[in-house]
Amino acid sequence: ACGGATSDPAASSAPAAGGVTLEEVQEAGVLTVGTEGTYRPFSYHADGSGELTGYDVEVAQAVGEKLGVEVEFAETQWDAMFAGLNAGRFDTVANQVTITEEREAEYLFTDPYTISRGVVVTLAEDTSIDGFEDLEGKRTAQSRSSNWHQLAVDSGAEVEPVEGWAQSVTLLEQGRVDATINDELTVLDYQKTENNQNIKIAAETEETSEVAFAFPKGSESVVEAVNTALSELSADGTLAEISTEYFGEDVSQ
Amino acid sequence: MSPTDPPLGGPAGGSDDAAARADRRADVPSNRSGTPLLKVTGLQKSFGDHEVLTSIDLSVRQGEVLALIGPSGSGKTTALRCLNGLEQPDAGRVEFDGGPVVDFSPATPRRERDSLRRRSAMVFQQHNLFPHMTVLQNVIEGPVQVQRRPRKEAVAEAVRLLERVGLGGKHEAYPHELSGGQQQRVGIVRALALKPSLLLFDEPTSALDPELVGDVLSVIKELAQEGWTMVLVTHELAFAREVADEVVFMDGGVVVERGHPDRVLRQPREERTRRFVHRLLNPF
Amino acid sequence: MSPTDPPLGGPAGGSDDAAARADRRADVPSNRSGTPLLKVTGLQKSFGDHEVLTSIDLSVRQGEVLALIGPSGSGKTTALRCLNGLEQPDAGRVEFDGGPVVDFSPATPRRERDSLRRRSAMVFQQHNLFPHMTVLQNVIEGPVQVQRRPRKEAVAEAVRLLERVGLGGKHEAYPHELSGGQQQRVGIVRALALKPSLLLFDEPTSALDPELVGDVLSVIKELAQEGWTMVLVTHELAFAREVADEVVFMDGGVVVERGHPDRVLRQPREERTRRFVHRLLNPF
Amino acid sequence: MGFDWNLFLESLGPIALWGLRGTIPLALASFALGMVLAVLVALMRISRNRVLSGIARAYVSAIRGTPLLVQLFVIFYGLPSVGVTLDPWPSAIIAFSLNVGGYAAEVVRAAILSVPKGQWEAGYTIGMSRTLTLRRLILPQAARVSVPPLSNTFISLVKDTSLASLILVSEAFKEAQNIAAFSQQFMVVYLAAALVYWVFCTVLSAGQNQLEKRLDRYVAH
Amino acid sequence: MGFDWNLFLESLGPIALWGLRGTIPLALASFALGMVLAVLVALMRISRNRVLSGIARAYVSAIRGTPLLVQLFVIFYGLPSVGVTLDPWPSAIIAFSLNVGGYAAEVVRAAILSVPKGQWEAGYTIGMSRTLTLRRLILPQAARVSVPPLSNTFISLVKDTSLASLILVSEAFKEAQNIAAFSQQFMVVYLAAALVYWVFCTVLSAGQNQLEKRLDRYVAH
Ligand SMILES: Nc1ncnc2c1ncn2[C@@H]1O[C@H](COP(=O)(O)OP(=O)(O)OP(=O)(O)O)[C@@H](O)[C@H]1O
Ligand SMILES: Nc1ncnc2c1ncn2[C@@H]1O[C@H](COP(=O)(O)OP(=O)(O)OP(=O)(O)O)[C@@H](O)[C@H]1O
Ligand SMILES: [Mg+2]
Ligand SMILES: [Mg+2]
């Protein structure tokens, strides 16, 4: 599931930050995608040790099919995600990357394939928080791999970094933090399987956030092709189908 | 201090029995007799299958010097270590006049064995000075830390003893800054500072440069003249003849021959003794 | 092998000059004369500020034994090490009959100094055997790895030499399994196996148990009788008197006195020599 | 895009600050406690008591055989499930001390065993007990031998403390990650972090040299 | 909620599998190469040539002074910007070898210096060159001394290889993280990972004991 990126001659000869062109991708017949593989339900291994799967993974595969190329995934940690893009280790990232102003300054984003909200999760009995403004001075646990980290900071919360959702919940339940902000989709998926009565969603963001594939600058032609593919997938109902499979509703628009 | 107190401090009883100590103090070199200070009977020791001491009897009277000689591996060091409780004999009896008295068996508790150390002090072949302490610290370590004597008194005593063996200027030196002979003299002073009844020497000069041997032998000779009781393992036959009151020749785990040094070293009765003495005196 | 070939293998010229070697071979012990095999003039060596050798002259003829004596620190070891290229003299000339000849100055290249090793072999006080090799491997290491002699031949030679010093059964033993005396004998055989013109001994018995000294001295005595040329640093004055053709007494970086052993050791002319000899013979 | 020198230089300050506030105190405290533990464990390991030496053995094996990350997690996330909930800093100090204790115990044990047997015997001969001999003679000598290998342990510890951020302790590496997460420039910021760590390690190594020199006063050169 | 024994047991297999496929080969290969490097660096460090010993010094300082994570990052994500793009496995092996090389060089250097000077002199005296003496006499003896400290380096390496997942190499710890992410039970899965690592380390330590015994044949007991 790894290492595909560098077997791509185009990628290995590409200078840093050069991005890839559509011809290069098509010539190689492979689109390499960076992802964590430990971010359920977006990018994870079936049954823990099986095939790589998840919403982002399946969307990327569907896009690849439209482009007529293989999709190879390179699994790494969030810290290495943008470094990997810069170094040409993979062509794009499919890991719930939220479009932000800062990121747009450095990278190209495709059209969004997920639209969701951030939610504040607290203990079920906690009544002190029912809006983002209540996070002022509270302790939150955030994985750096999302813009929820930034949102927590902006809300005046003290942010503790964690590896992922599971730890955030643990910290919350152990009373070591007061809240955690995450994607509502993550929370829904978690509640679907665990049905954890100890926690609740205490607030939602007003505005939605958009998640898209990130490419290095210089990859304009590929981004264009991916956008075309995404609109086709949206039109033929594929995206909705994948979304419903994971979330029971269409989160792609 | 009593007028009979000899220059190097003189031997003191380690026992608590003040009367017995006074007795021994009076027992000056010219008057070597009475009950032995140390009596060893039937000492036996094996390492695994290897029987090193079969049955050894020894006795030393107050103020006497006993020289232990014998071939390499004959068990001289082992015997000495048994007297100091560094080795646990399998059987045998070690008795000091005025105590302790230990009857050894495999069940003898370690405590009892260790009690032997109250009365004797050992000088090693490799001196085993404490490298991280100065000469003075080496000497006062036992008196201060173990015997709980006032530091001031211990220092005064140490200074006096070091002066006597010609190390007056070396208090603050570390052992590695001294020559082999000086190190060995510190080793002797460290033993003397404990004021033991009995001094044990295990080949105190055999690790020294030939020229430095003389220094250390002279110190030991003076100690003998001053009435210290000693057991001395040595290969220096000429020296043994000069200072010892009795020579014991050990081989194969037993005492082969014992007697006056002149007799044992010049007219040995036993063939084994004769061969050994001859080999040492005529090496090639 | 020539009929004059002595039992222990006999000295061989390390030089490539076959004629010169044949000459020296013929030069049996009874015929000690001619040009010196080794001639040292004006040897000088300081360590930092400390001048250890001021100016030393030495010479040894083929088949002769030179004994170097002197107080500790007088520079005997340093002088020997200069002959073997282990130390770089500051000045002076070391010449072997038939080469190499080295005129030392601080600029003398290391290569030239190292060339001295072609002709001599050294036996150390602490033997310095290779602990990770068996006795046999120790002995053949030089002949096989350095001199590139056929392994088979080197082994045969080593076996013969080990047999001669009484170590026939110890080929496969590791050094730590041997007694000190046996280790030192292996050290000697390791040197002999190189077939050097000159053997250098630095107090070869001073680290040994007194009883084991005899073994090693006997071997050296045999080597002397068989015509090996040797320079021997020793504190065993009686031994020096017996085997040496000449005794050199060094002190303070210079040769104080030299001559026939009986003369230097029994009727020394110099006060310093007299004091030294007296102290060694009467240590206490 | 070239190397962002600006970001690199701007990162140095905050990273170093959190090094001084987090990394260094955490490393020093854990090392001090870990050394106490290491000496105890080493003594247990060489003791004649089978139970004690067995416990020490198991401890060392467990510590050296498992990832430090897991050890941190067990103490911080695992212990609350048996009713022991510790704050981040105490958890971190306990975890790192236990870790150092396991590694350093082996070093200390080797150092104790390297003190010649004659020193024990000399101690006994002047009447010392085992404990007194150990305290006055053996440990001081073992200290000298163990400084260089322990400095390795310490330098590793300095870098390992970066894992503390996983149990909510702020230190230099977390600060680096925060800056990197914001700027997306992990490479540049990590290089800045490397420089800060390098300075810390170099300064601490200089301390080691000082210590060695001090202890060397009684050793032949 | 109780401890999920089922998950624990089910995790062992996949984690061990990726241990054998990733962790162990990576550790072994890196250690072997790292040792070659370490010997070279140690020799440079003790050489009389100032330039060589300076380079060796700087190398050791850089490796020990900076986090391994950064070293991995630089090689895998940094080098492409200067036109050198290596595959994950080669990158990992290079990074870990360089790392081991830095730490082990100090061990090897100490071991070489611990061989008595008399051994060098004995080599010279039988006519050996510096190189031959080193090869035939010094290094074999240094080997014995360095086994225990090197085993520490190796055991640390086994656990450090978990960082390789950062540069796309799959190994035991990444597998554990995968399982933990799916099951959301990181504590249970990490404990399983700890057990796997512990078994690996124990087996490898047994190898160390064997090696020590073999090398011990010429050492007094
Ligand atoms: N701790 C030990 N374990 C096993 N064997 C030992 C031990 N100590 C001594 N021995 C053996 O006991 C025998 C006697 O040793 P000891 O040291 O008493 O002899 P020695 O007469 O002092 O000899 P030397 O003159 O060489 O000092 C030797 O064979 C020795 O190997
Ligand atoms: N490498 C060295 N560096 C500094 N000083 C040295 C060195 N080697 C020897 N010396 C000094 O040179 C002097 C002569 O030493 P050397 O070993 O040659 O004497 P020696 O006559 O062999 O003495 P001994 O009988 O004790 O072996 C001594 O003072 C010694 O300390
Ligand atoms: Mg003995
Ligand atoms: Mg000398």
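Predicted model, so just to flag it, every value in this text is computed and none were measured.

Caption draft 1: How the structure looks around the packing of aromatic side chains. As enumerated under the stated definition, the model contains 36 aromatic pairs over all chains in all. Residues Phe42(A) and Phe247(A) carry aromatic rings whose centres are separated by 6.0 Å and whose planes lie at 40° to one another, so their mutual orientation is tilted. Placement of Phe42(A) in the loop between strand E1 (30-35) and strand E2 (44-45) and of Phe247(A) in helix H11 (residues 238-247) is noted, with a sequence separation of 205 residues between them. Each member of the pair, Phe42(A) as well as Phe247(A), carries the same accessibility label: buried. Taken together through their ring pairs, the aromatic side chains of Tyr39(A), Phe42(A), Tyr55(A), Tyr113(A), Phe213(A), Tyr246(A) and Phe247(A) make up a single cluster. Across the ring face of Phe76(E), the terminal group of Arg89(A) is positioned such that the distance to the ring centre comes to 3.4 Å.

Caption draft 2: Structural view of the sheet that holds strand E12 (residues 199-204) of chain A. All names here are of chain A. Here we have three strands laid out as an open sheet, ordered E11-E8-E12, and antiparallel in their pairing. Both edges of this open sheet fall to strand E11 (180-183) and E12, since each of them pairs with a single strand only. Averaged over all pairs of adjacent strands, the angle between their axes in this sheet comes to 40°, without regard to strand direction. Two elements, strand E8 (residues 118-123) and E12, share five bridges in a ladder whose sense is antiparallel. Paired with Val121 across the bridge in E12 is Ile201. Contacting E8, E11 and E12, helix H8 (residues 165-173) crosses the sheet at an angle of about 35° to E8. Contacting E8, E11 and E12, helix H9 (residues 184-194) runs over the sheet at an angle of about 90° to E11.

Caption draft 3: Seen up close, the relation of the copies chain D and chain E. With an RMSD of 0.2 Å, the operation that places chain D on chain E is a rotation of 180° combined with a shift of 0.0 Å along the axis. In symmetry terms, the pair is related by a two-fold rotation axis. Scanning chain D for the C-alpha nearest the rotation axis identifies Pro149(D), at a separation of 4.1 Å. Interface overlap between copies is the fraction of interface residues in one copy that are interface residues in the other; for chain D against chain E it reaches 100%, indicating a shared surface.

Caption draft 4: Representation of the UniProt feature "domain: ABC transmembrane type-1" (unreviewed entry) in chain D. With numbering matched to this structure, UniProt assigns "domain: ABC transmembrane type-1" (unreviewed entry) to residues 20-208 of chain D. Annotated as residues 20-208 of chain D, this span is 83% helix and 0% strand, and its ends, taken at the C-alpha atoms, are 19 Å apart.

Caption draft 5: Representation of the interface of chain E and chain A within the structure. Listed per partner, the contact involves 28 residues of chain E and 34 residues of chain A. Together chain E and chain A conceal approximately 2,500 Å² of surface at their shared face, both sides included; 59% is due to carbon and sulfur atoms. Of all residues in chain E, the largest losses of buried area upon contact with chain A belong to Leu168(E), Phe182(E) and Gln184(E), amounting jointly to 28% of the total for that side. Between the two partners, chain E and chain A, sit one salt bridge. For Glu75(A), the salt bridge identified is with Lys174(E), shortest N-O distance 2.4 Å. Where chain E touches chain A, the interface holds ten residue pairs in polar contact (both at pLDDT 80 or more). Ranked by residues supplied to the side of chain E that touches chain A, first place goes to helix H7 (residues 172-183) of chain E with eight residues. The class makeup of the residues in the side of chain E that touches chain A is 16 nonpolar, nine polar and three charged.

Caption draft 6: Seen up close, the site of ligand 1. Within the structure, ligand 1 sits among 14 residues, and Ser72(B), Gly73(B), Lys76(B), Thr77(B) and Thr78(B) are positioned closest to it. Those chains with residues close to ligand 1 are chains B and C. Ser74(B) places a main-chain nitrogen or oxygen 3.2 Å from an oxygen atom of ligand 1. At 2.6 Å, a side-chain N or O of Thr77(B) approaches an oxygen atom of ligand 1. Within the complex, the protein chains bury 62% of what would otherwise be the 640 Å² of accessible surface of ligand 1. The set of elements that each furnish at least two residues to the shell around ligand 1 consists of strand E2 (50-61) and helix H2 (76-83) of chain B. Of the residues assigned to the shell around ligand 1, the class counts are three nonpolar, eight polar and three charged.

Caption draft 7: Examining the domain arrangement of chain B more closely. Residue and element names in this part refer to chain B. Taken domain by domain, chain B consists of domain 1 (34-119 + 198-284) and domain 2 (129-195). For domain 1 and domain 2, the distance between their C-alpha centres works out to 25 Å. Counting from both sides, the interface comprises 13 residues of domain 1 and, opposite them, ten residues of domain 2. It is Val216, Val219 and Trp228 that lose the most area in domain 1 upon contact with domain 2, and together they represent 36% of the buried surface on that side. Put simply, domain 1 and domain 2 have three salt bridges between them. Of the charged contacts in the structure, one is a salt bridge between Glu222 and Arg164, with a shortest N-O distance of 2.8 Å. For the pair domain 1 and domain 2, the interface holds four residue pairs in polar contact (both at pLDDT 80 or more). Counting only elements with at least two residues in the side of domain 1 that touches domain 2, the list comes to strand E7 (198-202) and helix H7 (210-225). At seven residues, the largest contribution of residues to the side of domain 1 that touches domain 2 is made by H7.

Caption draft 8: Highlighting the interface of chain D and chain E. Facing 28 residues of chain D, the contacting portion of chain E comprises 28 residues. Of the roughly 2,400 Å² buried between chain D and chain E, counting both surfaces, carbon and sulfur atoms make up 69%. Among the residues chain D hides against chain E, the three largest losses belong to Arg64(D), Lys159(D) and Met187(D). Together they make up 21% of the total. Inspection of the region where chain D meets chain E yields zero salt bridges.

Caption draft 9: Highlighting unusual backbone geometry. Looking along the chain, the bond that leaves Arg40(A) and enters Pro41(A) is cis, with omega of 0°. By secondary structure assignment, the location of Pro41(A) is in the loop between E1 and E2. Residues Gly99(B) and Pro100(B) are joined by a peptide bond in cis, for which omega reads 0°. Along the chain, Pro100(B) falls in the loop between strand E4 (91-96) and strand E5 (101-104). Even without glycine at this site, Glu203(B) takes up a positive phi of about 45°. Residue placement: Glu203(B) occurs in the loop between E7 and H7. Here Glu203(B) falls in the buried class, since its relative accessible area comes to 10%. Notably, His127(C) is not glycine yet its phi reads approximately 45°, a positive angle. Here His127(C) lies in the loop between strand E6 (120-123) and helix H4 (135-146).

Caption draft 10: Highlighting the site of ligand 2. Lining the immediate environment of ligand 2, one finds 14 residues, of which Ser72(C), Gly73(C), Lys76(C), Thr77(C) and Thr78(C) sit closest. Ligand 2 is flanked by residues contributed from chains B and C. His50(C) places a side-chain nitrogen or oxygen 3.2 Å from an oxygen atom of ligand 2. At 2.5 Å, a side-chain N or O of Ser72(C) approaches an oxygen atom of ligand 2.

Caption draft 11: Examining the UniProt feature "domain: ABC transporter" (unreviewed entry) in chain B more closely. According to UniProt, the feature "domain: ABC transporter" (unreviewed entry) maps to residues 38-277 of chain B in the numbering used here. Regarding residues 38-277 of chain B, the helix share stands at 37% and the strand share at 26%, and the terminal C-alpha atoms are separated by 27 Å.

Caption draft 12: Quick look at the UniProt feature "transmembrane region" (unreviewed entry) in chain D. Per the UniProt annotation, the sites labelled "transmembrane region" (unreviewed entry) are residues 24-46, 58-79 and 187-207 of chain D. Counted over residues 187-207 of chain D, helix gives 100% and strand 0%. Its end C-alpha atoms are 30 Å apart.

Caption draft 13: Up close: the arrangement of the chains. Spatially, chain A and chain C are disjoint, and the shortest separation between their C-alpha atoms is 46 Å. If you take every C-alpha in chain C and every C-alpha in chain D, the smallest gap between them is 15 Å, and the two do not touch.

Caption draft 14: Summary view of the packing of helix H7 (residues 172-183) of chain D against helix H8 (residues 186-216) of chain D. Residue and element names in this part refer to chain D. As a packed pair, H7 and H8 sit with axes 8 Å apart at the nearest point and diverge in direction by 160°. The orientation of H7 with respect to H8, classified from their angle, is roughly antiparallel. As for the relative orientation of H7 and H8, their crossing is right-handed in sense. For the pair H7 and H8, the contacting residues are Ala172, Phe173, Ala176, Gln177, Ile179, Ala180, Ala181 and Ser183 in the first and Phe186, Val189, Tyr190, Ala193 and Tyr197 in the second. Of the residues assigned to the contact of H7 with H8, the class counts are eleven nonpolar, two polar and no charged.

Caption draft 15: Helix H10 (residues 271-281) of chain B, seen in detail. When we look at burial in H10(B), the residues that qualify are Thr273(B), Phe276(B), Val277(B) and Leu280(B). All buried residues of H10(B) project into a common sector of 95° when viewed along the axis, lining one side. As for H10(B), its buried residues are in contact with strand E3 (65-69), helix H8 (237-243), strand E9 (246-251), strand E10 (254-259) and helix H9 (261-266) of chain B together with helix H7 (210-225) of chain C.

About the cut-offs
- Residues numbered from 1 in each chain as written.
- Chains lettered and ligands numbered in written order.
- Predicted model: local features only at pLDDT ≥ 70, side-chain atom pairs only at ≥ 80, totals over all residues.
- Heavy atoms only, no water.
- Phe/Tyr/Trp six-rings, centres within 6.5 Å; stacked < 30°, edge-to-face > 60°.
- Helix = DSSP H or I, 4+ residues; strand = E, 2+ residues; numbered from the N terminus.
- Buried < 20%, exposed > 50% of the residue type's maximum accessible area, 1.4 Å probe, protein only.
- Lys NZ or Arg CZ within 6 Å of the ring centre and 35° of its normal.
- Pairing = 2+ DSSP bridges.
- Axes fitted to C-alpha atoms, helices over the stretch in contact; angles between N-to-C directions.
- Contact = heavy atoms within 4.5 Å.
- Least-squares fit on C-alpha atoms with pLDDT ≥ 70 in both.
- UniProt positions renumbered as here; feature names shortened; annotations may be inferred.
- Buried area = accessible area lost by both parts, 1.4 Å probe.
- Salt bridge = Lys/Arg side-chain N within 4 Å of Asp/Glu carboxyl O.
- Polar contact = N/O pair within 3.5 Å; in protein donor to acceptor, adjacent residues only side chain to side chain.
- Nonpolar A, V, L, I, M, F, W, Y, C, P; charged D, E, K, R; others polar.
- Near = heavy atom within 4 Å.
- Areas by Shrake-Rupley, 256 points an atom, 1.4 Å probe, with all protein chains shown as cover.
- Domains from an automatic or database assignment.
- Parallel < 35°, antiparallel > 145°, perpendicular 65-115°, else oblique.
- Left-handed = near helix turned anticlockwise from the far one by under 90°.
- Arc of directions from axis to C-beta.

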